[in-house]
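Structure assessment
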Amino acid sequence: MLSAIIICFTQVMYSQQPTAKFNTVEIHTSMQCDMCKERVEKKLYKVKGVVSVNVNIPTKIVQITFKTKQTNIENIREAISSQGYDADHIPANKQAYDGLPDCCKKDGGH
Ligand SMILES: [Cu+2]
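These numbers come from a predicted model, not from an experiment.

**Section: the overall build of the chain**
- For the chain, the helix and strand inventory stands at four helices and three strands.
- Counted from the first residue to the last, the chain has its helices and strands arranged as α-β-α-β-β-α-α.
- Evaluated residue by residue, the chain yields a buried proportion of 25% over its 110 residues.

**Focus on unusual backbone geometry**
- Of note, Lys60 is a non-glycine position whose phi angle comes to about 60°, a positive value.
- Structurally, Lys60 is set in the loop between strand 2 (50-56) and strand 3 (61-67).
- A count of 17 C-beta atoms within 10 Å places Lys60 in the partly exposed class.
- Even without being a glycine, Asp88 presents a positive backbone phi close to 50°.
- Turning to its location among the elements, Asp88 is positioned in the loop between helix 3 (73-82) and helix 4 (94-98).
- Residue Asp88 is classed as partly exposed on the basis of its C-beta count, with 16 C-beta atoms lying within 10 Å.

**Describing the environment of Lys60**
- Remark: the alpha-carbon pair of Lys60 and Cys33, spanning 27 residues in sequence, is separated by 9.1 Å.
- With near-sequence residues (within four places) excluded, Lys60 lies in contact with His28, Thr29, Ser30 and Met31.

**Here we look at the pairing of strand 3**
- The two faces of strand 3 differ: Val62, Ile64 and Phe66 on one face are buried, but Ile61, Gln63, Thr65 and Lys67 on the other face are not.
- Relative to strand 3, strand 1 (residues 22-28) is paired through seven bridges, and the arrangement is antiparallel. When the bridges of strand 3 are listed, Ile27 appears paired with Val62.
- Across six bridges, the pairing between strand 2 and strand 3 is antiparallel. If you follow Val53 over to strand 3, its bridge partner there is Ile64.
- Remark: four residues form the turn of the hairpin made by strand 2 and strand 3, two consecutive strands paired antiparallel; Lys60 in that turn has positive phi of roughly 60°.

**What about the sheet that holds strand 2?**
- With antiparallel pairing, the three strands of this open sheet are ordered in space as 1-3-2. Pairing within the sheet leaves two strands with one partner each, and these edge strands are strand 1 and strand 2. For this sheet, the mean inter-axis angle between neighbouring strands, taken without regard to orientation, is 15°.
- Packing of helix 2 (residues 34-46) onto the sheet brings it into contact with strand 2 and strand 3, and relative to strand 2 it is tilted by some 170°.

**Details of helix 2**
- With 13 residues, helix 2 extends 19 Å between its outermost C-alpha atoms, agreeing within 8% with the 18 Å of an ideal straight helix rising 1.5 Å per residue.
- For helix 2, the full list of buried residues reads Cys36, Lys37, Arg39, Val40 and Leu44. Buried residues in helix 2, looked at end-on, bunch into an arc of 165°, giving them a common side. Exposed residues pointing more than 90 degrees away from the buried face of helix 2 are listed as Asp34, Glu38, Lys42, Tyr45 and Lys46.
- On its buried face, helix 2 is in contact with strand 2, strand 3 and helix 3.

What counts as what
- Residues numbered from 1 in each chain as written.
- Predicted model: local features only at pLDDT ≥ 70, side-chain atom pairs only at ≥ 80, totals over all residues.
- Helix = DSSP H or I, 4+ residues; strand = E, 2+ residues; numbered from the N terminus.
- Buried ≥ 20, exposed ≤ 12 C-beta atoms within 10 Å, placed from the backbone.
- Contact = placed C-beta atoms within 7 Å.
- Pairing = 2+ DSSP bridges.
- Axes fitted to C-alpha atoms, helices over the stretch in contact; angles between N-to-C directions.
- Expected span 1.5 Å × (residues − 1).
- Arc of directions from axis to C-beta.

What follows is the structure, encoded as structure tokens:
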């Protein structure tokens, strides 16, 4: 009886594996501060399929885990760009960038 339950459980695990594929990527951005971090995190968590977002401001790298069936890295880069930040080879959306506070811009008033 117990072994039957174990076999059943194992089969469920195996049958679910192909549908749940995740990918973790790192994207280089032009984020400057914690405000940028919040802005980008908020946006990325709205992207369907994104399961985790990890922003590192000192390195400006965002680590994102997503479901490969629901989204892809290009989509995610576009989402970052739409908030006014460069994402790897995709430049920041100009309108969004112009709307950022000065401290969040690349030359940041420094
Ligand atoms: Cu900022």
